[in-house]
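So you can see what is in the structure, the chains are spelled out below.
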Amino acid sequence: MNDIKKTVEENLCISCGICAGICPQRCIELDKINNQYIPYINNQKCISCGICADICPVNQIAEYDENSNTIINFLLGNYKDILYARTKDRKLLFESTSGGFITQMIRSLLEMGEYKSAFMVEGYNYDNQLQVKKFLYKDNLYKTTKSRYLTVSYENMIRYILKHPTEKSIIVATGCCCQGIINVIRKRKLCRENYLLIGLFCDKTMNYGVVDFFRQHPSGKGHELTNLFFRTKVTGGWPGNVRLEYSDGAYTDLPNTERMKVKNYFMPERCLYCLDKLNRNSDISVGDNYIAGNKDNFGANSIIIRTDSGMKIWNKCKEKFEYKRDDLEEFIESQHLLDKKTNYRNACIKGLYNGKTKKPDIVYKRAIRKIQIGKKDNVYKRVNRSIFREKIRLKIKNILVKLFHR
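Residues numbered from 1 in each chain as written. Predicted model: local features only at pLDDT ≥ 70, side-chain atom pairs only at ≥ 80, totals over all residues. Heavy atoms only, no water.

Asker: Talk me through the sheet that holds strand E12 (residues 251-254); I want residue IDs and the actual numbers.
Answerer: On the basis of which strands lie adjacent, the open sheet formed by 3 strands has the order E10-E11-E12 and antiparallel pairing. Each having just a single partner strand, strand E10 (225-232) and E12 make up the two edges of the open sheet. Recorded for the sheet is a direction-independent mean angle of 15° between the axes of neighbouring strands. Pairing of strand E11 (residues 241-246) with E12, which is carried by 4 bridges, proceeds in the antiparallel orientation. By the bridge assignment, Arg 243 is partnered in E12 with Asp 253. (Pairing = 2+ DSSP bridges. Helix = DSSP H or I, 4+ residues; strand = E, 2+ residues; numbered from the N terminus. Axes fitted to C-alpha atoms, helices over the stretch in contact; angles between N-to-C directions.)

See below:
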């Protein structure tokens, strides 16, 4: 099979839309199935060129030795510096999810003329799949500042950069999408130096079932949800609470735990196998800074400068930020990198590593079961019922452990 049908059939699609963007026949469309946007191929137009399968990022799962002393080095990736940073612009800092690094960096680079355009997500309405949008120097970036945690399509962006191969652009993307974009650059022989890849740290993303979950939240009964903010500092500061805004002007603020407890129910299955939390292929990787001594209500970013291009750009813009070098061991601990060993075991169970297979264990089976629950109707009640049962199971387990050790 030389197209992305196998990716779909094995539940490995990440809904990035890159296959649709590069398809020379434009015979691929993304359809919403079980709350996830999945590529559909029009076989009457398809010429079986295999390009979609070649650039699909799920086909690149890097090898590493589970027993090696260099696991952390693999998960961390190549880097030139690791920094704490946040913008000096206090308005932007408040509007941002954490330290405002990405918006400030892009604004500065567009103002200086280092890049002509930037591709990011805008807005907080999720009636359709999010698409990255092109921004220019004079555009308002404030509707790009907060995190979405949802799958995003790069279809239109891919078509744009293929039509404008000499334009210098900034692209913001998660690790899997960065891999797909780099595959396009390689396949079409574009100049890598024309693109600054700002990579988001990503533990897992979510499908659009999570939007239905919050639409069905009892606090919004009788209201129509228009905007969903997964994290906002309006109440309580960083790391931010969930805000639901309704068409009649009413809103509901929910604790951050409401988002955290449902992530495993709505993530694409591919996230179970991902080893690239820190976006190893980007020029600059960006995430929340969780180092204990750096925490406050304003939030800050952890920055990994990975390439010469990334370092050059950082040196041009660093006066716009409060920054300092972070301790490597504290950074590694704060990001819980070794938790990714579970994903490695999951990938072996799925058969994604040649010669390295494992039988499905109870942890893997429970993870798959949660994803299946998140795809069903009446999702708010189903997910909360599952969460309640999980709490009961853990309580019983703890009681039995105490009795056994007496």
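Moving on, there is more to tell.
Asker: Quick one: what's the story with the nonpolar core, residue by residue and with numbers?
Answerer: Judged by nonpolar contacts, the single largest core of 91 residues is most densely connected at Tyr 154 and Ile 181. Excluding residues that lie within four positions of it along the chain, Ile 181 makes contacts with Ile 18, Tyr 154, Met 157, Ile 158, Ile 171, Ala 173 and Leu 197. Counting 25 residues, the second-largest nonpolar core is a separate cluster that includes Leu 83, Ile 198, Val 286 and Ile 305. (Core = buried A, V, L, I, M, F, W, Y, C linked by side-chain atoms within 4.5 Å. Buried < 20%, exposed > 50% of the residue type's maximum accessible area, 1.4 Å probe, protein only. Contact = heavy atoms within 4.5 Å.)

Asker: Hey, could you go over the environment of Lys 261 for me, with residue numbers and the actual values?
Answerer: The residue Lys 261 is located in the loop between helix H10 (257-260) and helix H11 (263-266) in this model. Residue Lys 261 is classed as partly exposed on the basis of its relative accessible area of 30%. Sequence-wise, Lys 261 and Ile 291 are 30 residues apart; in three dimensions their C-alpha atoms are separated by 22 Å. In this structure Lys 261 touches Asn 384 and Ile 387, once residues within four positions along its chain are discounted. Side-chain polar atoms of Lys 261 contact the side chain of Glu 258, separated by 3.0 Å. (Polar contact = N/O pair within 3.5 Å; in protein donor to acceptor, adjacent residues only side chain to side chain.)

Asker: Go over a positive patch on the surface with me, naming the residues and quoting the values.
Answerer: Taken together, the side chains of Lys 221, Lys 376, Lys 381, Arg 382, Arg 385 and Arg 389 define a basic patch exposed on the protein surface. Position of Lys 376 among the secondary structure elements: in the loop between helix H15 (362-373) and helix H16 (379-404). Exposure remark for Lys 376: the relative accessible area of 44% places this residue in the partly exposed category. (Patch = residues over 30% accessible without salt bridge, like charges linked within 9 Å, V, L, I, M, F, W, Y side chains within 5 Å. Areas by Shrake-Rupley, 256 points an atom, 1.4 Å probe, with all protein chains shown as cover. Salt bridge = Lys/Arg side-chain N within 4 Å of Asp/Glu carboxyl O. Lys, Arg positive; Asp, Glu negative; His and termini not counted. Charge placed at Lys NZ, Arg CZ, Asp CG, Glu CD.)

Asker: Before we move on, could you go through the packing of H15 against H16 and cite the residues and values that matter?
Answerer: Interhelical geometry of H15 versus H16 gives an angle of 155° and a closest axis separation of 10 Å. Taken as axis vectors, H15 and H16 run roughly antiparallel relative to one another. Between H15, through Arg 366, Lys 370 and Ile 373, and H16, the contact on the second element is made entirely by Val 379, Arg 382, Val 383, Ser 386, Glu 390 and Arg 393. (Parallel < 35°, antiparallel > 145°, perpendicular 65-115°, else oblique.)

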